[in-house]
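Remarks on the overall topology
These are the residues of each chain, in order.
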Amino acid sequence: MRWLWLVLLIAAGSVAPATAEDCAAGLRPFSDARGVACIPEQPQRIVALNDQIVALPLYELGAPVVGSAGRVQADGTVYLRGGMDTLGIDFANTDITYVGGFDALDIEAIASLQPDLIIGGSYTDAAQIEQLQLIAPTIVIDNGALGLVGTLRALADASGRSGDFEARYQRYLGNLERTKSYIGDPSKLSATLTFMFPNGEDLWVYRAGLGAISQLLSDLGVSQPRAVAALPDTQASWSPELIQQLDADFIFGFYRQQPDATPQAVRDAYEHFAPGWCEALSACRNGQFILLPGPTFGSTMTGLELALDLVETHIAARAYTPREGE
Amino acid sequence: MSMVSEKGHIILRTSRQGLALRLPVWGMAASALLVCGLVLLFAASMVIGSYDIDLPTLLATLSGETVSKSIDNVVWQFRMPRALVAMLVGAMMACSGAALQNVTGNSLADPSLVGISQGAALTVVSAIVVFPGLSPDVRPLLAFVGALCVASLVQALSAGQRGPSPVRFILIGIGLSAFISSLTSAMLTYGNIDRVMSALAWLAGGVNAATWRDVFILSSWSIVLLAVLLLLSRSMAALRMGEATAIGLGAEVRLVRLGLVAIGVGLAAVSTAIVGPIGFVGLVAPHAARRLAHTGPALHLVLTALCGAFLVAAADLIGRAAFAPIQLPAGLLTALLGVPIFIALLRRSARAQY
């Protein structure tokens, strides 16, 4: 029995959270998706294991990002997804070094940057995290569980930029109240978030989780069509035969700064997916199908502010025709 | 101990003639060449990488001196286990292919081609997506169960009234492999996005996250499974001459077949569980070994293991260094090499049958 207690004590000790006293000088405890880790009080060299979700929010906060995972174009050049659209940055015009894809990291490239903090997402392979821990404290931010604001707050905290983030977030909340006052009762307004893939073969509909725009519509308290609100997951692939279920006062789609996702290409993709779709939806017939730029579904404060401005312009500052039959 | 040279063979005999070994000279030379190649490849894997380490620093680190903690990590924790895992996985996949080719009498049998790797992949992806809390330690077991189920199903479905047909075996294997892959795809489409991304990284078939723990697991399984496979090599020689002849020569055909299937599946399942599915090694390596030297089954297995180890280690080194820091998974490169070879072998097999 004494052995059992000893084993339990050891087990409890191994999962007990780190405290400030447990961390070496210059380090502090930080709670992430895996538990509590000791990280630098003020990191000086951060490597992000995801460009869109980690590197861009850190960069806009002014955190010292020295390396990031990225994407590879067909011609072999590497880029930060959403970097140029959102913040006008890429590997070519910053000091951020490419360290591989988020799912194919070059661990030696990360080691050669001599980082003092590595930040990844919950998809990062557990074995890879063990290796990264040998290079520098590695934390995992579960953006799915934290939501956009929770993720941005955690990143700000980890990088020692909480003050900058909170000031900016308070300004957003103030602007949000202004937009609400223009709209009146936002809950009487309905909106649907659709994401069309450029080839026109697949349409995804989001109840939640589509970055900044989902956060904004939730903050505004805008309602959703019944079929969308009832989705068991945050998103679903939609059948063209059920496209009428998506009708709302406003329907949002997205374009991006790439040749196959221009506003016209995206509209053509909707037509390819469901010919005559615009006639089937009162929102589209009445000119209330709105294409927003890529940063509005990204994971940055810049994207959130842009989404607020555009939604205010397209909804609050104009007359519109409510959805038929509502 | 005496040594006699005879028509391209060396015969070794113990003093009382208790044990005699007839070793083909060219086969031994080919093995020695492959071992030298592997040593050179291992050395290259230690030298080449995104982290710039000059030769004196590398040698100092290898001799146990700590030049810097980062360099220690890169050499001892990243490069060395990675190179060893690539070699072990290559040897296991290759011998799995050799065992399956022998037991099915089909020179096209490869664990990744006939659905065995896909069966292992389906169970592991299911574990990652549906049961994310499950320890990675159970992956080899899950992979083994998935692979064994598929192997049994392919064998059962391809056994026609007139006995097994090599082309039918391969076609049913390809069909079943496509079916299992579609189940895996469905899981990836509808699963939680974070878990799916984790599974996708594993499915790419790379050794980039190799650790000493993986080296330990793979080497433990290799020692057991490859030793049993070598013990079965005499019966494999008998099986090559057909079932009736093998029985006439006193081979326990049913037991040997069962053993070869279990070992072939086990080797593929364990390596798949650790690094993900790496295709075509089991197809290419036995053929490459046969081209290098015509030998008996035991030496052929050794040559096959060495060829497989060389193939995957070279694919991994090229994949991580050629376009660094862009990383190409080893599985992609082995498939690029394996597909043309598979097509050539399939054409030859079809010509032989019709």
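Residues numbered from 1 in each chain as written. Chains lettered and ligands numbered in written order. Predicted model: local features only at pLDDT ≥ 70, side-chain atom pairs only at ≥ 80, totals over all residues.

This part is about helix 2 (residues 51-60) of chain A. Residue and element names in this part refer to chain A. Burial analysis of helix 2 places ten of its ten residues in the buried class, the great majority of the element. Listed in full, the buried residues belonging to helix 2 are Asp 51, Gln 52, Ile 53, Val 54, Ala 55, Leu 56, Pro 57, Leu 58, Tyr 59 and Glu 60. One or two positions beyond helix 2, positive phi appears at Gly 62, with a value near 85°. (Buried ≥ 20, exposed ≤ 12 C-beta atoms within 10 Å, placed from the backbone. Helix = DSSP H or I, 4+ residues; strand = E, 2+ residues; numbered from the N terminus.)

This brings us to the nonpolar core. Residue and element names in this part refer to chain B. Met 87, Val 89, Cys 95, Val 124, Ala 147 and Val 312 are the most contacted members of the largest nonpolar core, which totals 98 residues. When residues of this core are assigned to their parent elements, the largest contribution, 16 residues, is made by helix 3 (residues 69-104). Once you skip the residues sitting within four places of it in the chain, Val 312 turns out to touch Ala 86, Met 87, Val 89, Gly 90, Ile 278, Val 281, Ala 330 and Thr 334. (Core = buried A, V, L, I, M, F, W, Y, C linked by C-beta atoms within 7 Å. Contact = placed C-beta atoms within 7 Å.)

What follows deals with the sheet that holds strand 15 (residues 250-255) of chain A. All names here are of chain A. Spatially, five strands are ordered 14-13-12-15-16 in an open sheet, and the strand pairing comes out mixed. The sheet terminates laterally at strand 14 (235-237) and strand 16 (289-293), the two strands that pair on one side only. Neighbour-to-neighbour, the strand axes of this sheet turn through a mean angle of 30°, independent of strand direction. For strand 12 (residues 191-196) and strand 13 (residues 203-206), the ladder comprises four bridges, and the chain directions are antiparallel. Its bridge partner being in strand 13, Phe 195 is matched across the sheet by Trp 204. (Pairing = 2+ DSSP bridges. Axes fitted to C-alpha atoms, helices over the stretch in contact; angles between N-to-C directions.)

What follows covers the sheet that holds strand 3 (residues 46-48) of chain A. All names here are of chain A. Taken together, the five strands give an open sheet; going across it, the order is 7-4-3-10-11, and neighbouring strands pair in parallel fashion. The open sheet terminates on both sides in strands that have one partner only, identified here as strand 7 (97-98) and strand 11 (138-141). Judged from the three bridges that link them, strand 3 and strand 4 (residues 65-68) form a sheet pairing that is parallel. Each residue of the ladder has a partner; that of Ala 48, found in strand 4, is Ser 68.

Everything listed here is a matter of coordinates, which is why it stays silent on function.
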